[in-house]
Each structure stands twice: as structure tokens, then as C-alpha cells.
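# Topology and contacts: notes
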Amino acid sequence: MGQLDELGQPYHEDSHYGYVSEYDAHSAYYTIPSPVFLRQPLNYHLYTTTIPSSFVQSASDSHFVPSTTELRTSLQRRSETIRGTAAPGLNLPEEIQGYHTFVPLDAQVANANERRKFGNWFSTTYRAIATADGVPYALRRIENFRLVQQAAFVHVDKWNKIRHPSIVTIHEAFTTRAFNDNSLVVVYTYHANAQTLYDAYCKSKPPGYQSHPHGRGVFQGRTQPPAVPERTLWSYIVQLASAIKKVHDAGMAVRTIDLTKVLVTGQNRVRISSCGVVELLTHDTPQDMAMLQQEDLNMLGRLILCLCCANPAAANPQGLHKSLENMGRTYGNEVSTIVLYLFGKNGHHRTVDQLLDLIKTHFVIEMNDALSASDRLENELLTELENARLVRLLCKFGFINERPEFARDPRWSETGDRYPIKLFRDYVFHQVDENGNPVVHLSHVLTCLNKLDAGTDEKIMLVSRDEQSCLVVSYSELKQCIDSAFSELSRASSLSTPHKYR
Ligand SMILES: Nc1ncnc2c1ncn2[C@@H]1O[C@H](COP(=O)(O)OP(=O)(O)OP(=O)(O)O)[C@@H](O)[C@H]1O
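Keep in mind it's a predicted model, so treat the numbers as computed, not measured.

The next thing to look at is the overall build of the protein. In terms of helices and strands, the protein carries 16 helices and 16 strands. Within the protein, the proportion of its 502 residues that are buried is 41%. Contacts spanning at least 24 positions in sequence make up 63% of the contacts within the protein whose residues lie at least 6 apart. Surface accessibility of the protein: about 28000 Å² in total, with carbon and sulfur atoms responsible for 54%.

In the vicinity of the ligand lie 18 residues, with Asp106, Arg116, Arg140, Thr189 and His191 positioned nearest. In the model, an oxygen atom of the ligand is placed 3.1 Å from a nitrogen or oxygen of the Ala194 main chain. Note that an oxygen atom of the ligand is positioned 3.0 Å from one of the side-chain N or O atoms of Lys261. Within the complex, the protein chains bury 90% of what would otherwise be the 610 Å² of accessible surface of the ligand.

A full pass over the atoms with the stated rule returns twelve aromatic pairs. Aromatic pair Tyr126 and Phe179: ring centres 5.4 Å apart, planes at 20 degrees, arrangement stacked. On the criterion of sequence distance, the pair formed by Tyr126 in strand β6 (residues 121-130) and Phe179 in the loop between β8 (170-176) and β9 (183-189) is long-range, its members being 53 residues apart. Each of the two residues, Tyr126 as well as Phe179, counts as buried. Cluster of aromatic residues (ring-pair linked, three or more members): Phe397, Phe424, Tyr427, Phe429 and Tyr475.

Strands sit in the order β10-β13-β14 across an open sheet of three strands; the sheet is antiparallel. The outermost strands of the open sheet, each flanked by one partner alone, are β10 (195-196) and β14 (269-272). In the packing of helix α6 (residues 230-249) onto the sheet, contacts are made with β13 (262-266) and β14, and the angle to β14 comes to roughly 30 degrees.

Inspection of every chain in the model, using the stated rule, returns 21 salt bridges. A salt bridge links Asp357 to Lys360, with the shortest nitrogen-to-oxygen separation between them at 3.4 Å. Accessibility expressed as a relative area gives 47% for Asp357, which makes it partly exposed. The salt bridge involving Arg403 is made with Glu405; its shortest N-O contact spans 2.8 Å.

For the protein, per-residue confidence averages 85 on the pLDDT scale, and 83% of positions sit at 70 or higher. Low pLDDT, under 50, characterises residues 1-35; the stretch is placed with 59 contacts to residues that sit more than four places away or in other chains.

Of all hydrophobic cores here, the largest spans 75 residues; its most connected members are Leu197, Leu233, Ile304, Leu305, Leu307 and Val335. Each residue touching Leu305, except ones within four places of it in the same chain, is listed here: Ala314, Ala315, Leu320, Ser323, Leu324, Met327, Val339 and Phe343. In terms of nonpolar packing, the next biggest core, distinct from the first, is built from 25 residues, Tyr419, Val473, Ile482 and Leu489 among them.

This part covers the side chain of His100. Note on placement: His100 falls in strand β4 (residues 99-104). Relative accessible area serves as the criterion here: at 11%, His100 is assigned to the buried category.

Let us look at the packing of helix α14 (residues 419-429) against helix α15 (residues 442-454). For the pair α14 and α15, the least separation of the axes is 8 Å and the interaxial angle reads 145 degrees. Of the residues in α15, those in contact with Phe424, Tyr427, Val428 and Phe429 of α14 are His444, Val445, Cys448 and Leu452. Taken together, the residues of the contact of α14 with α15 break down into seven nonpolar, one polar and no charged.

The alternating pattern of β14 places Arg269 and Arg271 and Val270 and Ile272 on opposite faces, both of which are buried. Pairing analysis gives four bridges linking β13 to β14, with the strands arranged antiparallel. Bridge pairing in β14 links Gly266 to Arg269. Here β13 hands over to β14 after two residues, with Asn268 in that stretch at a positive phi of 60 degrees.

Time to look at the side chain of Arg350. Note on placement: Arg350 falls in the loop between α10 (333-343) and α11 (352-358). In this view, Arg350 contacts Gln294, Leu297, Asn298, Tyr341, Leu342, Phe343 and Gly344; residues no more than four positions away in its chain are not counted.

What follows is about unusual backbone geometry. Here Gln97, not a glycine, exhibits a phi torsion of approximately 45 degrees, which is positive. Residue position: Gln97 is located in the loop between β3 (95-96) and β4. The class of Gln97 is partly exposed, set by a relative accessible area of 48%.

Below, the discussion takes up the packing of helix α13 (residues 387-400) against α15. One way to put it is that α13 packs onto α15 with a least axis distance of 10 Å and a crossing angle of 85 degrees. Taken together, the axis directions place α13 and α15 in an arrangement best described as roughly perpendicular. Here Arg389, Leu390, Leu393 and Leu394 of α13 lie close against α15, whose contacting residues are Leu446, Leu449, Asn450, Leu452 and Asp453.

Definitions and limits used
Residues numbered from 1 in each chain as written. Predicted model: local features only at pLDDT ≥ 70, side-chain atom pairs only at ≥ 80, totals over all residues. Heavy atoms only, no water. Helix = DSSP H or I, 4+ residues; strand = E, 2+ residues; numbered from the N terminus. Buried < 20%, exposed > 50% of the residue type's maximum accessible area, 1.4 Å probe, protein only. Contact = heavy atoms within 4.5 Å. Areas by Shrake-Rupley, 256 points an atom, 1.4 Å probe, with all protein chains shown as cover. Near = heavy atom within 4 Å. Polar contact = N/O pair within 3.5 Å; in protein donor to acceptor, adjacent residues only side chain to side chain. Phe/Tyr/Trp six-rings, centres within 6.5 Å; stacked < 30°, edge-to-face > 60°. Pairing = 2+ DSSP bridges. Axes fitted to C-alpha atoms, helices over the stretch in contact; angles between N-to-C directions. Salt bridge = Lys/Arg side-chain N within 4 Å of Asp/Glu carboxyl O. pLDDT = per-residue confidence, 0-100. Core = buried A, V, L, I, M, F, W, Y, C linked by side-chain atoms within 4.5 Å. Nonpolar A, V, L, I, M, F, W, Y, C, P; charged D, E, K, R; others polar. Parallel < 35°, antiparallel > 145°, perpendicular 65-115°, else oblique.

Here it is in C-alpha cells:
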């Protein structure tokens with residue numbers, strides 16, 4: 001029973017959380033029926049309780065993968081974000097160029113003067129779902145921008161060919177008047193719950209309830225974000241340098257290496273976002289690629305300095321000296337050496353290959369951590385491997401059991417060839433102990449279903465409810481019986497609506 005308590009809890013009824021929603025068969029996403037209620041935060045710990053330690057390969061944190069419980073909690077949060085809808089009253093377009101269910105991702109800034117600009121233009125980022133594949137995408141909209149030359153879209157094709165784990169992939173771009181202006185929209189892969197480096201390390205959190213993965217939130221005053229640990233800093237430097245290498249090798253420049261454009265998308269994982277937008281906006285202006293690549297290295301140096309000082313203005317010329325001193329007090333000499341190299345103070349020509357050479361020892365550490373992460377994830381996957389198989393089996397079972405049209409069917413009666421299925425259902429789910437109390441034991445159910453799915457030769461004794469008759473059958477016979485009952489049912493169903501069950 002203890003096991004059931006532990007394993008059973010993740011499936012808590014959540015209807016009282018007030019977000020039970022209508023299922024939109026067309027989009028396969030949840031839409032909130034009107035009137036809309038303010039949602040209570042989910043108690044994630046109910047969904048992702050600690051798995052009994054005997055089932056867990058590694059409960060400890062590793063560099064790229066958090067402990068099992070935290071990993072599950074964060075995946076739940078992402079899944080919930082992906083299925084969320086926008087607050088009412090935002091007047092967002094219903095559908096644009098095959099994308100629907102728009103949700104703004106930018107923090108709502110009350111004062112328009114405080115909005116950041118992308119070059120000379122305001123931009124807004126939305127999450128939207130593509131009708132074609134039902135997958136969420138991040139759409140960056142450049143407001144009031146009239147794209148004159150269609151030839152500019154060549155940059156989208158070029159960037160689409162750059163596939164790198166630390167670059168957010170671009171998919172397409174189009175112009176639209178659906179926002180009541182001329183907008184350019186650039187579509188990227190969506191990373192649910194991504195945070196910019198600026199938000200993660202430079203922005204203080206306003207007072208309020210801070211959620212806690214293992215319990216109720218607690219009220220906290222305005223909190224400063226944590227300083228970036230040196231180990232994490234090196235991880236970021238390695239990932240970003242490797243992304244720059246990929247782009248420079250393709251004869252291009254990144255141009256968006258900035259605290260507000262680099263996203264943290266998982267434990268210690270960073271990705272450069274918004275690639276290609278600058279090229280689209282400045283298509284008319286001739287560019288010196290060698291100079292832009294030098295500027296990329298400079299931008300990386302500025303980003304590291306700002307990150308170390310938790311201050312986006314740390315690399316401004318007037319405070320540069322002081323910022324370097326501050327950085328030197330907290331971080332090792334090697335960090336300062338890299339930053340000074342990237343600034344290229346003596347007018348040196350720098351290359352990304354030289355940079356990689358300077359930080360090569362850190363690449364080895366990263367690679368080891370990345371391999372450990374993939375081992376950890378394989379182990380996590382192993383614990384989930386059987387879930388889909390068992391759910392399919394339970395669905396089959398649910399389809400054939402207790403159908404009213406079978407009530408008078410002699411095959412399901414006590415002398416019929418389908419009768420063992422009924423008895424087996426009782427054997428799996430409706431057992432009682434010697435005092436007549438229900439036996440609710442998940443491991444019994446799982447064991448029976450696994451043996452049934454495998455069709456083992458093991459025999460079990462099935463007893464009727466009135467204890468007047470009993471049958472000895474093997475799992476293999478039961479499997480045949482269930483398969484044939486289900487095939488018959490699906491044949492009848494496919495006559496009217498094909499492909500209902502796969
Ligand atoms: N590809 C993406 N996947 C998921 N979230 C994203 C993606 N791109 C951006 N975001 C999120 O969208 C939000 C807004 O991104 P944006 O780049 O517009 O940030 P910003 O510079 O803070 O906003 P603004 O420029 O409007 O002031 C950020 O919180 C960021 O984490």
C-alpha cells in the first residue's frame with residue numbers, strides 16, 4: 001500500500017484547480033471556456049512526487065539535468081505553459097498565416113517609454129500554435145516595419161540551414177497586416193519557460209509569492225537574482241563560443257549576442273535567439289562580414305562582463321575599468337583573460353578558433369557533463385518506457401469490458417469463450433482480502449498487465465463472483481481472447497469511422 005501511496009499521488013484529480021478546460025479537437029490544445037476564472041497555481045508536487053528511491057537510478061543533480069523530481073516538475077511546468085492561453089481582452093488575431101492561439105511572451109510594460117527596441121523598431125514575441133503540425137512556435141513580430149524587398153527573405157533560408165544546440169532555429173518569416181500595421185513576423189522554435197539571461201541574472205524579482213517546487217509558495221520581498229556561479233559561466237561561454245564557431249564557419253555573423261537575446265532554456269543550457277532578424281531589418285545596408293564577426297567576439301566579451309557584474313551597463317566605456325575590477329574580485333583570472341582577449345584592446349585581429357583554443361580545457365569538462373546528462377536522461381526514459389504500452393492495453397480493456405451490447409451476448413455469458421475476460425478483469429481490479437476489503441495494489445495490476453501483454457504461459461485461477469465456478473487459464477490464452485474481442489470491435493468500428501484507434 002505504501003507503494004501505491006507514493007506512486008498513486010501523481011494522478012490526483014485536478015478539477016478543483018479551476019482550469020479544467022474544453023478539449024479543442026481541431027487544434028489538440030486546451031481552450032478555456034468562458035467565463036474565464038483566475039487559475040490557482042497547480043500543486044506540482046502532487047503530480048511529481050518523489051519516486052521511491054529504489055526506482056530511481058540517480059536522484060542527484062547533475063550539471064545539465066536536475067534531480068528526478070525537479071526534472072519532472074519542470075517538464076510539467078513546460079507542458080502546462082505550452083497548453084496555456086492568453087488572458088482575455090488582449091485583442092490578439094485569431095489566426096495568421098497558419099498560426100493560432102497567440103500568447104504574448106513579453107512582460108507587459110505599462111510605460112511605453114520603457115519598452116526595449118530591436119534596432120529602431122519595437123518588437124513583441126508571441127507563442128502561437130501552427131495548424132500544420134500542432135506544435136508551438138515563438139513568433140517575433142517587428143512592429144510598423146514595411147519590408148520592401150522580398151529578396152530579404154534569403155536570410156531566413158540561410159539561417160534555417162544553421163542547426164546548433166545553442167541557437168534557436170528559425171523556421172520562416174512573413175509580413176502581415178493582421179495587427180493593424182505593417183508587421184514583419186519571424187518564426188522560431190519555441191522553448192517553453194525560457195528566460196533571457198537578463199531576466200535570470202540582472203532583473204530583481206518584485207515582492208510576492210514565490211512558488212516552491214515541493215510545497216506551497218512563500219511570500220518574499222523584492223529579491224536580487226543569484227550571481228552566476230563560475231562553473232555555470234564557463235558552461236555558457238563554451239556553448240556560446242561553439243555557436244559562434246558554427247555561424248562564422250558558414251561565413252555569417254550572429255549579431256544578437258546580448259543578455260536580452262540569449263535564452264536560458266533548461267538547467268545550464270543557453271541558446272542565442274532572434275538570429276536573422278538584424279539581417280532582415282538591414283537588408284539594404286551593405287555589410288562587412290569580417291568586421292561583423294569581430295563585433296560578435298566583442299559582443300561575447302561584453303556579455304560575459306555584464307553577466308559577471310549582473311549589470312547590463314557594465315561594459316559601457318565610462319564604467320569599464322571598474323566593472324573589470326569587480327569581475328576580477330569574484331571570478332578567476334582566466335575569465336578576465338578571455339574578456340580582455342574578446343575586447344581586442346590592442347587592435348588584434350581575433351578569430352573564434354583562437355577563442356576555442358584559449359578555452360579548450362573547459363570544452364572537455366562540458367563534453368563529459370553533456371555525456372553524463374544523456375546517460376541520466378536515458379535512465380529517466382527507462383522508467384517511463386512501459387507507460388504507453390500499458391495505457392494502450394488498459395484502453396483496449398476499457399473498450400471491450402462492460403459494453404451494454406454484449407450484455408446479452410452468449411459469448412460473454414458464463415459458458416461463452418469471452419467469459420474469462422470478465423473474470424480476469426475482476427482478478428486484476430476487483431480483488432478483496434479475507435475480510436472483504438478491497439485490495440488496491442498498483443503493483444498487482446502492473447504485474448498482471450505486463451504478463452498479459454507478454455502473453456506468458458503462466459496459469460492463473462479465475463473465480464466467479466459467486467465463487468461457484470473457477471477457470472484455470474494462461475496469460476497467453478487470455479491475451480488471444482482479448483485480442484480477438486478487440487479486433488472484432490475495431491472491425492465493426494472501422495466500417496463506420498476508420499482509424500479511430502491506432
Ligand atoms: N524562442 C523562444 N522560445 C521561448 N521563449 C522565448 C523565445 N524567444 C523569446 N522568448 C521569451 O520571450 C520573452 C520576450 O522576448 P524578447 O526577446 O522580446 O525579450 P525582451 O528583450 O525582454 O523584450 P522586449 O524586446 O519586448 O523588451 C522573453 O522572456 C523570452 O524568454
